[in-house]
Structures are given as C-alpha cells and as structure tokens.
Amino acid sequence: MARHLITSAIPYINGIKHLGNLVGSQLPADLFARYQRARGNEVLFLCATDEHGTPAELAAAKAGQPVAEYCAEMHQVQSRIAEGFRLSFDHFGRSSSPQNHALTQHFAGRLAEAGLIREVSETQMYSKADGRFLPDRYIEGTCPNCGFDSARGDQCDNCTKQLDPVDLINPHSTISGSTDLEMRETKHLYLCQSKMKDQLEEWIDTRVGWPVLTTSIAKKWLTDGDGLQDRGITRDLDWGIPVKRGDADWPGMEGKVFYVWFDAPIEYIACAQEWVDAGKGPDWERWWRTDKGADDVTYTQFMGKDNVPFHTLGFPATILGSGEPWKLVDFIKSFNYLNYEGGQFSTSRGRGVFMDQALEILPADYWRWWLLSHAPESSDSEFTWENFQASVNKDLADVLGNFVSRVTKFCRSKFGEIVPEGGSYGPQEEALIAELAERLRTYEAQMEAIEVRKAAQELRAIWVAGNEYLQASAPWAAFKEDPERAAAIVRFSLNLIPFYAALSSPFIPDAAEAMAAALPDAPVGWPEDVATALSAPTGGAAMQVPDNLFRKLTDEDVDNWKARYAGVRS
Ligand SMILES: [Zn+2]
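No experiment lies behind these values; they were computed from the predicted model shown.

Visitor: Which parts of the structure should I look at to understand the overall build of the chain?
Guide: Tallying secondary structure elements over the chain gives 19 helices and 18 strands in all. Based on the C-alpha atoms only, the size of the chain along its principal axes is roughly 95 × 55 × 45 Å. For the chain, buried positions account for 56% of its 570 residues. A separation of at least 24 residues holds for 78% of the contacts in the chain among residues at least 6 apart in sequence. Here the chain displays about 23400 Å² of accessible surface, and carbon together with sulfur accounts for 47% of that area. Charge centroids of the chain, computed over 56 positive and 81 negative side chains, lie 1 Å from each other.

In structure tokens form, the structure reads like this:
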C-alpha cells in the first residue's frame with residue numbers, strides 16, 4: 001500500500017473564494033486524494049486557512065470585528081463551503097493554531113542557529129496616536145502624481161502609480177485618521193535565502209518528473225538578476241505569530257510577528273499536528289519526518305502558478321535550512337488561471353461565480369465535473385455559461401444520467417426490481433469488456449499522472465461506450481423475440497452502474513453514491529478486472545431505480561445566472 005501526503009495551497013481568510021480559486025488547487029487535490037483512497041492507498045489530505053497579515057486585519061476592521069473573532073468565523077464559513085463541494089480533507093486547519101505558532105517559532109530558532117537569519121534596521125512610518133508602526137496599506141494620503149485624495153501607501157488606485165508612504169501628501173493613519181506620523185527606525189529579521197542558492201538548486205535538480213513550467217519558474221528566481229534574494233520574515237503587526245527563537249524571547253523583536261509568507265507553508269506540517277490533536281489520527285510524524293517513517297511517503301502539492309516560487313524555494317529554504325529531517329515535496333501540480341465570460345473573476349467587483357453562490361444554484365457535482373473537465377492545466381481556460389450548460393446537459397444528463405435511468409426503468413417495467421436471471425453474455429458484451437479494460441488502464445495512468453482533463457475525457461468515453469452498447473443491443477427490441485437475451489443485456493447494463501460509480505467517484509462523489517445505491521449487492525471498491533466487475537451482481541440481486549441523477553439546464557436558467565453574476569456583489 002502506497003502512502004500519499006497531499007496538500008492544497010491554503011486559501012486566504014478574507015472572504016469567500018471564486019470558482020477559479022477552487023479549480024486552482026483544492027478541487028484537483030481532492031480528485032487525487034479520492035482516487036488514491038479508492039485504489040486502497042493510505043492518504044493524508046490537508047488544507048487550512050491562511051489567517052495572518054494586513055489584509056485579515058483590514059477585513060476584520062471593515063466587518064467591525066476583532067481580527068481573531070473574524071478569522072474564527074470566516075474559517076467556519078470556508079469550512080462549510082468546502083464540505084458543500086465535498087472536499088474530503090482529513091483536516092481543514094488554521095495557520096493561527098497554537099501548533100503553527102510553536103512550529104514556526106521552532107523553525108525560526110533552527111534557522112538562526114544555522115546562521116541563516118540576519119537582523120536589518122529599516123525606517124518605517126510610525127503613528128503616535130495608534131502606538132504602532134503602520135504597514136503601507138494603513139496609510140492614505142493625496143497622490144503626488146494625480147492628486148487623488150485616497151491613495152494608499154503602496155499604490156494609487158486611481159492612476160496605479162507605485163508609491164512609497166513618504167511620497168504621499170498629507171498622509172494619515174487609516175486606523176485613527178491621525179496625521180501625527182513620523183519615520184522611525186525598526187529592526188527586522190531576514191532569511192538568508194542567498195546563502196542557500198546552491199543547496200536549493202541541487203535539490204531541484206534531484207526532482208524527477210517535475211513539469212517544465214514548475215522547474216523553469218524556480219530556476220528563474222534562483223538565477224535571474226542578482227539571484228535569489230534574502231527576504232524579510234517579520235512585521236510590525238499585532239495579529240500574527242510572535243517572533244521567538246524557539247521557546248526563547250528574541251531580544252529586540254518584542255511586539256513583532258512573523259511575516260505571513262513565512263508561517264503559512266509551515267501550516268502544512270502544523271495541520272497534521274492539529275489533525276492528531278483533534279483525535280482524527282494517531283501519528284503525524286510518520287507523514288512528515290523522514291527519520292520517523294515518512295521516507296516512503298509520496299508528497300504532492302497543488303497550487304496556482306503564482307504560488308510556485310514559494311513552494312519551490314521559500315518553503316524548501318525553511319525546511320532545508322533547519323537541518324532537520326523533514327519531508328520535502330516530491331511533485332508539484334500547478335495550474336494556470338480560470339477566466340470568466342471573457343474577463344477575469346473579480347472579488348472586489350463581484351464578477352463571476354463565488355463558491356457559496358455556486359452551491360446555492362446547483363449541487364456540487366455539476367460544478368466539480370465542469371471545473372475538472374476544463375481545468376486550466378496547459379493554459380488558462382474560460383468559464384462561459386453556454387459551455388457549462390452544454391457540458392452538463394451532454395456529459396452528465398444525456399450520457400451518464402440517461403444511461404442509468406433507461407436501464408433501471410426498463411428493468412423495473414419488464415423484470416421488476418431485481419437483476420434479471422437467464423441468458424448469457426455474447427460477442428457484444430465481450431467487445432465492450434475488452435474496450436473498457438483498455439480504457440480503464442488509460443484512465444488509471446492519467447489519474448496517477450494527475451492529467452486532470454485527459455482523465456475526465458477518458459471517463460466520459462467510458463460512459464459513452466456503455467450508452468452506445470445499450471443503443472446497439474436494444475433490449476427493448478430483444479425482449480419481444482428473445483427474453484433471455486434481453487435479460488442478459490439488462491443484467492450486463494445494470495452491472496455497468498456500480499462499475500461507473502467506482503470510476504466516477506473521484507469526480508462526482510454524490511452521483512457515484514446514488515449509482516452505487518441502485519445496486520446495493522454489488523461488490524464495492526475499485527474494479528481490478530473488468531470482466532469480473534461486470535459479472536456481478538448476478539441474477540436475483542436487488543435493484544432500485546434512483547432519482548434522476550442530473551437535471552438539464554435550460555436557456556432560461558443560463559440567462560438568469562449570466563445576468564445575476566455579471567458583477568454587482570458588494
Ligand atoms: Zn494617483
């Protein structure tokens with residue numbers, strides 16, 4: 001039995017994500033986790049919310065809530081939506097957990113001992129009224145370029161000019177409104193990534209089978225310009241993990257927290273600890289420590305392409321620099337972007353379909369099927385309502401749903417609610433068994449390689465083959481001349497339903513469950529041999545007609561939704 005550690009990039013806490021975010025990491029990670037479990041392998045599938053940093057503080061302030069309370073509430077919201085999409089995380093953790101606090105401080109301590117952290121003095125805007133340093137986004141003033149009166153410390157939203165807080169005319173704190181600001185000296189910690197360039201390059205060269213996109217992004221960051229830069233890992237903020245050197249205080253760093261980019265990936269490990277502490281698993285170290293059994297673990301990460309540098313360089317620098325035997329990633333699956341109706345999804349303008357809205361209008365399987373079968377793998381892809389409608393109606397309703405409905409209803413009307421006995425399989429059945437055996441091997445190979453779109457195409461071809469068989473063998477015609485032959489056809493077709501349920505379950509888990517329930521006596525689990533799988537259940541076993549698996553989407557549905565999600569959400 002193989003062991004698979006699977007992580008999805010952790011979504012930021014401030015608000016509900018759109019469908020492009022979903023298909024960029026969580027959903028394909030879930031597909032892979034479900035597939036590996038179905039094959040009988042041991043899987044630990046982890047995700048969490050990324051909760052620290054200025055945007056969380058700002059979102060909490062906007063909601064009129066203390067930031068800790070805001071994060072706790074938004075974590076619940078994201079958790080419920082993940083359940084709605086049937087994302088089968090073994091644990092959905094929080095980067096603000098006590099486990100992540102301790103582990104982040106531990107890593108910082110190890111890196112300091114290894115001489116990989118240096119202190120740097122900088123000047124930063126300080127607000128006397130607020131009693132704190134202000135991040136760039138907490139300062140507003142008049143843009144020196146265009147005169148816009150609400151330009152932020154880092155950028156003017158009106159003319160898009162990049163700014164430094166000292167450039168602003170009449171700057172003020174967005175917390176208190178105070179204009180009593182001054183530049184003060186402050187100290188920060190930097191991770192000496194530049195010292196680790198050779199070690200990182202050597203490690204990347206040992207990664208077998210990484211996509212060219214992933215390796216080339218990593219190498220570019222290593223070698224372009226002045227090469228890999230040291231990065232600040234601390235911030236003058238209240239909300240975050242206090243800067244400590246292991247368990248010990250860090251002189252001069254009082255009141256500061258770690259920068260979110262440093263603590264967020266460490267949550268992948270801390271999340272496994274949370275999983276154990278929640279009583280869901282016995283031992284997290286056998287997944288994460290190569291000296292404690294993680295040597296035989298295959299670790300796969302899922303993420304959008306913008307996250308590749310952090311996962312190929314930033315996080316590995318933390319792990320390698322610690323000098324401890326932590327598990328490093330084996331394979332990175334990265335995605336391009338999903339666009340929406342000829343433009344981009346926009347959180348601020350409410351353009352596109354967000355995860356909560358999607359579940360309000362249709363069950364998860366509709367979205368899962370469309371998103372995965374159109375995953376932005378080799379290039380960006382685009383959601384259009386017409387394409388969604390065509391794909392749902394054709395693949396799910398006309399092909400799969402119709403097959404299940406026709407076979408079970410015909411059986412009930414002619415043979416009752418049992419699998420019919422009599423007759424035997426002939427050349428048509430043998431031909432389909434041979435075709436499906438070959439297609440199954442192809443499907444498995446594509447799922448192993450995480451070729452999401454190709455796997456979806458193969459699954460669709462497997463459904464189509466059953467439909468074509470049913471059409472060609474025509475049990476309704478055979479029934480009049482040769483009821484034994486009709487019984488054999490219906491029995492074979494019914495046996496395809498649990499076979500489809502097993503194969504489809506990583507993509508459309510709810511429909512798969514409904515299909516499996518139609519033949520409750522069928523053997524469960526992945527079909528190792530197609531001929532064996534399609535000879536059970538035998539005649540006399542129970543059969544139930546399931547409710548319609550999928551409804552067809554009408555033109556009226558599509559017109560309504562298109563108008564509703566064009567961009568008005570506040
Ligand atoms: Zn401006």
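Visitor: What is the right way to read helix 5 (residues 197–205) from this model?
Guide: Every α-helical turn comprises 3.6 residues, leaving residues that sit three or four positions apart pointing alike. Within helix 5 the residues assigned to the buried category are Leu200, Glu201, Trp203 and Ile204. Buried positions in helix 5, seen along its axis, are confined to an arc of 160 degrees and lie on one side of it. Exposed residues lying more than 90 degrees from the buried face of helix 5 are Asp198, Glu202 and Asp205.

Visitor: Whenever I open this one, the coordination of the zinc ion confuses me. Can you help?
Guide: Tetrahedral coordination by four donors sets the ideal angle at the metal to 109.5 degrees; octahedral coordination by six donors sets it to 90 or 180 degrees. Within the protein, the atoms that donate to the zinc ion are Cys143 (SG), Cys146 (SG), Cys156 (SG) and Cys159 (SG), at distances of 2.3 Å. Its four donor atoms give the zinc ion angles of 106 to 114 degrees at the centre, a pattern that matches the tetrahedral case. Positions of the donor residues of the zinc ion along the chain correspond to the pattern C-x2-C-x9-C-x2-C. In this pair, Cys143 is assigned in the loop between strand 6 (139–142) and strand 7 (151–152) and Cys159 in the loop between strand 7 and strand 8 (169–173), connecting sequence segments 16 residues apart. When its relative accessible area of 2% is taken as the criterion, Cys143 is described as buried. Exposure remark for Cys159: the relative accessible area of 24% places this residue in the partly exposed category.

Visitor: Please clarify how unusual backbone geometry should be interpreted in this entry.
Guide: With the exception of glycine, most residues fall at negative phi, and the peptide bonds are largely trans. Cis rather than trans, the peptide bond between Ala536 and Pro537 has omega equal to 0 degrees. Locating Pro537 in the fold gives a position in the loop between helix 18 (530–533) and helix 19 (555–564). Of note in the backbone geometry, Asn170 takes a positive phi value of approximately 50 degrees without being a glycine. Given the relative accessible area of 59%, Asn170 is considered exposed.

Visitor: I keep staring at the pattern of salt bridges and nothing clicks. Help me out?
Guide: Opposite charge on two side chains lets them pair, provided their charged atoms get close. Under the defined criterion, the tally for this structure stands at 39 salt bridges. Between Glu42 and Arg3 there is a salt bridge, with its nearest N and O atoms 3.5 Å apart. Separated by 39 residues along the polypeptide, Glu42 in strand 2 (residues 42–49) and Arg3 in strand 1 (residues 3–8) bring together distant segments of the chain. Classification of Glu42 as partly exposed rests on a relative accessible area of 22%. Here the salt bridges share partners, and the residues they tie into one network are Arg3, Glu42, Arg286 and Asp296.

Visitor: I'm lost on the nonpolar core in this one. Help?
Guide: General note: in soluble globular proteins, nonpolar side chains tend to be found buried as a group. Formed by 171 residues in total, the largest nonpolar core has its most connected members in Trp288, Trp367, Trp385 and Phe507. Ignoring sequence-local partners within four residues, the contact set of Phe507 consists of Leu31, Asp365, Arg368, Trp369, Leu372, Tyr443, Met447, Val452, Ala455, Ala456 and Leu459. Membership of the second largest hydrophobic core comes to ten residues, among which are Met125, Cys143, Ala151 and Cys156.

Visitor: Sorry, what's going on with the environment of Asp149 here?
Guide: Structurally, the position occupied by Asp149 is in the loop between strand 6 and strand 7. Between the alpha carbons of Asp149 and Asp180 there is a distance of 18 Å; along the sequence they are 31 residues apart. In this structure Asp149 touches Gly141 and Thr142, once residues within four positions along its chain are discounted. A distance of 3.2 Å separates polar atoms of two side chains, one belonging to Asp149 and the other to Ser150.

Visitor: Any chance you could explain the side chain of Ser173 here in plain terms?
Guide: Among the structural elements, Ser173 can be located in strand 8. Residue Ser173 is classed as buried on the basis of its relative accessible area, which comes to 0%. A polar contact is formed between the side chain of Ser173 and the side chain of Asp130, at a distance of 2.6 Å. In this structure the side chain of Ser173 is engaged in a polar contact, spanning 3.3 Å, whose partner is the backbone nitrogen of Ser176. When residues no more than four places from it in sequence are discounted, the contact partners of Ser173 are Ser127, Asp130, Leu134, Tyr138, Ser178 and Leu181.

Visitor: Could you clarify how one ought to interpret the side chain of Gln78 in this entry?
Guide: In this structure, Gln78 sits in helix 3 (residues 67–84). Since its relative accessible area comes to 9%, Gln78 is described here as buried. Setting aside residues up to four positions removed in sequence, Gln78 forms contacts with Pro11, Tyr12, Ile13, Gly15, Lys17, Thr49 and Phe92.

Visitor: What's the story with the packing of aromatic side chains in this structure? I'm lost.
Guide: The description of an aromatic ring pair uses the distance of the two centres, along with the angle that the planes make with each other. Counted by the stated rule, this structure contains 35 aromatic pairs. With 5.5 Å between their ring centres and 75 degrees between their planes, Tyr366 and Phe550 make a pair best called edge-to-face. Of this pair, Tyr366 sits in helix 11 (residues 364–373) while Phe550 sits in the loop between helix 18 and helix 19; the two residues are 184 residues apart in sequence, bridging distant segments of the chain. Relative to Phe492, the ring of Tyr425 lies with its centre 4.9 Å away and its plane at 80 degrees, an arrangement referred to as edge-to-face. In this pair, Tyr425 is assigned in the loop between helix 12 (385–415) and helix 13 (427–448) and Phe492 in helix 16 (residues 483–504), connecting sequence segments 67 residues apart. Classification of Tyr425 by relative accessible area gives partly exposed; the value is 24%. Sitting over the face of the ring of Trp287, Arg3 holds its NZ or CZ atom 4.5 Å from the ring centroid. The ring centre of Trp326 lies 4.9 Å from the NZ or CZ of Arg289, which sits over that ring.

Visitor: Sorry, what's going on with the packing of helix 1 (residues 19–38) against helix 13 here?
Guide: Describing two packed helices takes the angle between their axes plus the distance from one axis to the other. As a packed pair, helix 1 and helix 13 sit with axes 10 Å apart at the nearest point and diverge in direction by 125 degrees. In terms of orientation, helix 1 and helix 13 fall into the oblique class. The handedness of the crossing between helix 1 and helix 13 is left-handed. Between helix 1, through Leu31, Phe32, Tyr35 and Gln36, and helix 13, the contact on the second element is made entirely by Glu444, Met447 and Glu448.

Visitor: Before we go on, may I ask you to explain the pairing of strand 9 (residues 181–191) in this structure?
Guide: For a regular strand, the rule is simple: side chains alternate between the two faces of the sheet. Note that strand 4 (residues 117–127) and strand 9 share eleven bridges and pair antiparallel. Across the sheet, residue Tyr126 finds its bridge partner in strand 9, namely Glu182.

Visitor: How should the environment of Leu503 be read in this particular structure?
Guide: Here Leu503 is to be found in helix 16. For Leu503, a relative accessible area of 0% gives the class buried. Each C-alpha atom of the pair Leu503 and Asp230 lies 47 Å from the other, and the pair is 273 residues apart in sequence. Residues contacting Leu503, with those up to four places away along its chain left out, are Leu440, Tyr443, Leu459, Ile462, Trp526 and Pro527.

How each quantity is defined
Residues numbered from 1 in each chain as written. Predicted model: local features only at pLDDT ≥ 70, side-chain atom pairs only at ≥ 80, totals over all residues. Heavy atoms only, no water. Helix = DSSP H or I, 4+ residues; strand = E, 2+ residues; numbered from the N terminus. Buried < 20%, exposed > 50% of the residue type's maximum accessible area, 1.4 Å probe, protein only. Contact = heavy atoms within 4.5 Å. Areas by Shrake-Rupley, 256 points an atom, 1.4 Å probe, with all protein chains shown as cover. Lys, Arg positive; Asp, Glu negative; His and termini not counted. Charge placed at Lys NZ, Arg CZ, Asp CG, Glu CD. Arc of directions from axis to C-beta. Donors = N, O, S within 2.8 Å, 3.2 Å for Na, K, Ca; no water. Tetrahedral: all angles 85-135°; square planar, octahedral: opposite > 155°, others 65-115°. Salt bridge = Lys/Arg side-chain N within 4 Å of Asp/Glu carboxyl O. Core = buried A, V, L, I, M, F, W, Y, C linked by side-chain atoms within 4.5 Å. Polar contact = N/O pair within 3.5 Å; in protein donor to acceptor, adjacent residues only side chain to side chain. Phe/Tyr/Trp six-rings, centres within 6.5 Å; stacked < 30°, edge-to-face > 60°. Lys NZ or Arg CZ within 6 Å of the ring centre and 35° of its normal. Axes fitted to C-alpha atoms, helices over the stretch in contact; angles between N-to-C directions. Parallel < 35°, antiparallel > 145°, perpendicular 65-115°, else oblique. Left-handed = near helix turned anticlockwise from the far one by under 90°. Pairing = 2+ DSSP bridges.

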